[in-house]
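Chains, contacts and geometry: an overview
Spelled out, the chains give:
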Amino acid sequence: MYFNIKAAEYLRSSYRAVQRYLADGRIPYTKPTEKILINEQDLIDFVQMKRR
């Protein structure tokens with residue numbers, strides 16, 4: 001599981017861009033507490049989808 005900042009590093013993108021992807025529903029996430037968690041496989045799928 002990744003936090004937004006780590007997801008931005010993984011995607012080589014900005015924190016704000018990751019926030020937009022989450023808000024747009026392009027990257028699925030869970031929020032069991034106050035922190036948003038992103039599954040690693042969802043990030044991999046997102047990267048592969050962007051490359052198409």
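Before any of the text, the structure's been laid out above.
Model, not experiment: these values are computed from the prediction.

**Describing the nonpolar core**
Of all hydrophobic cores here, the largest spans 13 residues; its most connected members are L11, V18, I27, I38 and L43. Secondary structure elements with two or more residues in this core: α1 (4-11), α2 (15-24) and α3 (40-51). A per-element tally of this core places α2 first, with four residues. Filtering out sequence-adjacent residues up to four positions away, I27 remains in contact with L11, Y21, L22, I38, L43 and F46.

**With respect to the packing of α1 against α2**
The axes of two packed helices give the description: the angle between them and the distance between them. Contact geometry for α1 and α2: axes closest at 8 Å, N-to-C directions at 105 degrees. With respect to α2, the axis of α1 lies roughly perpendicular. Taken together, the residues of α2 that come into contact with α1 (itself represented by N4, I5, A7, A8 and L11) are Y15, V18, Q19, Y21 and L22. Residue composition of the contact of α1 with α2, by class: eight nonpolar, two polar and no charged.

**Here we look at α2**
Among all positions in α2, only A17, V18, Y21 and L22 are buried. The arc enclosing the buried residues of α2, seen along the axis, measures out at 140 degrees, which places them on a common side. In α2, those exposed residues whose orientation departs by more than 90 degrees from the buried face are R16, A23 and D24. Turning to α2, the residues buried within the fold contact α1 and α3.

**Describing the environment of Q19**
Along the chain, Q19 turns up in helix α2. Given the relative accessible area of 30%, Q19 is considered partly exposed.

**A few points about the packing of aromatic side chains**
In this structure the tally under the stated criterion is two aromatic pairs. Taking 5.6 Å as the distance between ring centres and 50 degrees as the angle between the ring planes, the aromatic pair formed by Y2 and Y10 counts as tilted. Taking relative accessible area as the criterion, Y10 reaches 34% and is therefore assigned partly exposed. Plain terms: the ring middles of Y21 and F46 are 4.7 Å apart, the flat faces sit at 50 degrees to each other, and that makes the pair tilted. Of the two residues, Y21 is situated in helix α2 and F46 in helix α3; the sequence distance between them amounts to 25 residues. Its relative accessible area of 3% is what places F46 among the buried residues. Over the face of the ring belonging to F3 we find K35, whose NZ or CZ atom lies 5.2 Å from the ring centre.

What counts and how
Residues numbered from 1 in each chain as written. Predicted model: local features only at pLDDT ≥ 70, side-chain atom pairs only at ≥ 80, totals over all residues. Heavy atoms only, no water. Core = buried A, V, L, I, M, F, W, Y, C linked by side-chain atoms within 4.5 Å. Buried < 20%, exposed > 50% of the residue type's maximum accessible area, 1.4 Å probe, protein only. Helix = DSSP H or I, 4+ residues; strand = E, 2+ residues; numbered from the N terminus. Contact = heavy atoms within 4.5 Å. Axes fitted to C-alpha atoms, helices over the stretch in contact; angles between N-to-C directions. Parallel < 35°, antiparallel > 145°, perpendicular 65-115°, else oblique. Nonpolar A, V, L, I, M, F, W, Y, C, P; charged D, E, K, R; others polar. Arc of directions from axis to C-beta. Phe/Tyr/Trp six-rings, centres within 6.5 Å; stacked < 30°, edge-to-face > 60°. Lys NZ or Arg CZ within 6 Å of the ring centre and 35° of its normal.

Keep in mind that these numbers describe shape and distance, not what the molecule does.
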